[in-house]
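# Reading the structure
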Amino acid sequence: MLRLGRAAAGCRALAAPHPRGVGGHSKRSSSGGKEIMVNVHGGESSGIAEILMNRAHARNSLGRVLVNELFRVLESLRCDEKIRVVVFKSEVKGVFCAGADLKERAQMNDTEVGHFVHRLRSLMDEIAALPMPTIAAIEGYALGGGLELALACDLRIAASSAKMGLIETTRGLLPGAGGTQRLPRCIGIGLAKELIFTGSQINGQQALSIGLVNHTVPQNDEGDAAYQRALTLAKEILPRAPIAVKMGKLAINRGIEVDIASGMAIEGMCYEQNIPTRDRQEGMAAFREKRPPQFIGE
């Protein structure tokens, strides 16, 4: 039987939880020199967590420290049943994530490069495996591994001025953190091959036209238009039954990899796990009583 998430014992072994919002405000964990921060909303937005990339001097490039910190944050959020949506955003103006840290990479030997790229691939898999919906808010540049990170998310929102591309072939490389697999599944084989072979960069409007992003928005004076749209989308997801949403995500992710008959079986197993939930009973009761449902994630 399909199961959502991982063993509860692994979750119980984690350190103390991250800060939470109080009332109508969100609370952000102190930077303290960290390259990854977490902002957990409270009040009406309770249930939204933001992963904030904060490596300004290297344009959020994927170096060892940032990758290690991101792994730790993902582990914490994965086990937090109160988190219903995760938004990835940048604290560095004009860039989402510039991709691999090539300066750091240049100091590695061939074996070390192979090991680190494998770790990057595992990181993107961890993002994709989060049980709750994930949204990438893309302002500025999302190149190479930065776009691979966005592709590992369920949904993508881009400012029209954003620049996206798997540019590895311009550096004598090829995408190694899932790009060759997730991009074709997102936009189709032909377009994916063109973008990867040429290393081209496209803007937010072009990305929307080929299905790479869900929405594109004109950039605002604050430089956070994509984030604001992503937050609106996250708030649209919040009132929905959390277990049903998670099971829907699981059914889609598992089903897309197999034939239709197997996919139907996966959907059936996910549906069966949702049947005994209190939220399903609440949804039926709310429908009968002609009132909005109040889902609790149980």
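Here the structure is a predicted model, which means the values were calculated and not measured.

### Comments concerning the overall build of the chain
Looking only at helices and strands, one finds 12 helices and 11 strands in the chain. By residue count, 48% of the 298 residues in the chain fall in the buried class. Within the chain, residue pairs in contact and separated by at least 24 positions form 65% of the contacts whose partners lie at least 6 positions apart. Accessible area for the chain stands at about 15,000 Å²; split by element, carbon and sulfur atoms hold 54% of it.

### Some words on the sheet that holds strand β10 (residues 202-203)
What links the strands of a sheet is backbone hydrogen bonding, and the strands pair in either a parallel or an antiparallel sense. The 4 strands lie next to each other as β5-β7-β9-β10, forming an open sheet whose pairing is mixed. Pairing within the sheet leaves two strands with one partner each, and these edge strands are β5 (95-97) and β10. In this sheet, β10 lies alongside strand β9 (residues 163-165) in antiparallel orientation, the contact comprising 2 bridges. If you follow methionine 164 over to β10, its bridge partner there is isoleucine 202. On top of the sheet, helix α5 (residues 145-152) reaches β5, β7 (141-143) and β9; it is set at about 90° to β7, its chief contact.

### Things to note about the packing of aromatic side chains
Scanning the entire structure with this criterion turns up 0 aromatic pairs. Sitting over the ring of tyrosine 141, arginine 59 keeps its end group 5.3 Å from the ring centre. When the ring centre of tyrosine 227 is taken as origin, the NZ or CZ atom of lysine 89, which lies over that ring, is 4.8 Å away.

### As for the nonpolar core
Soluble globular proteins: nonpolar side chains tend toward being buried together. By size, the foremost hydrophobic cluster in this structure holds 50 residues, and its most contacted members are Phe88, Phe96, Met164 and Leu212. Among the elements that make up this core, the one with the highest residue count is helix α2 (residues 64-78) (7 residues).

### Some points on the side chain of arginine 55
Considering the arrangement of structural elements, one finds arginine 55 in the loop between β3 (48-53) and α2. Among the polar contacts listed, one links the side chain of arginine 55 to the side chain of serine 61, at a separation of 2.9 Å.

### Side note on the pairing of strand β4 (residues 85-90)
For β4, a buried count of 6 out of 6 residues is recorded, marking the element as mostly surrounded by other parts of the structure. Residues Val85, Val87 and Lys89 point to one face of β4 and Val86, Phe88 and Ser90 to the other, with burial holding for every one of them. For β3 and β4, the ladder comprises 6 bridges, and the chain directions are parallel. Pairing of glutamate 50 across the sheet is with valine 87, part of β4. This β-α-β element, β3 to α2 to β4, shows right-handed connectivity.

### Observations concerning the pattern of salt bridges
Tallying each qualifying case throughout the model produces 10 salt bridges. Note that glutamate 75 is salt-bridged to arginine 78, the shortest N-O span being 2.6 Å. Placement of the pair is glutamate 75 and arginine 78 together in helix α2, with a separation of 3 residues, close to one helical turn. The structure contains a network of salt bridges with shared partners spanning Glu35, Arg55 and Asp101.

### So, the packing of α2 against helix α4 (residues 110-129)
As a packed pair, α2 and α4 sit with axes 10 Å apart at the nearest point and diverge in direction by 30°. Between α2 and α4, the angle is such that the two are roughly parallel. Like other packed secondary-structure pairs, α2 and α4 cross with a definite hand, here left-handed. Residues Arg64, Val67, Asn68, Leu70, Phe71 and Leu74 of α2 lie in contact with α4, whose contacting residues are Phe116, Arg119, Leu120, Ser122, Leu123, Glu126 and Ile127.

Parameters at a glance
Residues numbered from 1 in each chain as written. Predicted model: local features only at pLDDT ≥ 70, side-chain atom pairs only at ≥ 80, totals over all residues. Heavy atoms only, no water. Helix = DSSP H or I, 4+ residues; strand = E, 2+ residues; numbered from the N terminus. Buried < 20%, exposed > 50% of the residue type's maximum accessible area, 1.4 Å probe, protein only. Contact = heavy atoms within 4.5 Å. Areas by Shrake-Rupley, 256 points an atom, 1.4 Å probe, with all protein chains shown as cover. Pairing = 2+ DSSP bridges. Axes fitted to C-alpha atoms, helices over the stretch in contact; angles between N-to-C directions. Phe/Tyr/Trp six-rings, centres within 6.5 Å; stacked < 30°, edge-to-face > 60°. Lys NZ or Arg CZ within 6 Å of the ring centre and 35° of its normal. Core = buried A, V, L, I, M, F, W, Y, C linked by side-chain atoms within 4.5 Å. Polar contact = N/O pair within 3.5 Å; in protein donor to acceptor, adjacent residues only side chain to side chain. Right-handed = clockwise from strand over helix to strand, strands pointing away. Salt bridge = Lys/Arg side-chain N within 4 Å of Asp/Glu carboxyl O. Parallel < 35°, antiparallel > 145°, perpendicular 65-115°, else oblique. Left-handed = near helix turned anticlockwise from the far one by under 90°.

None of this, on its own, says anything about what the molecule does.
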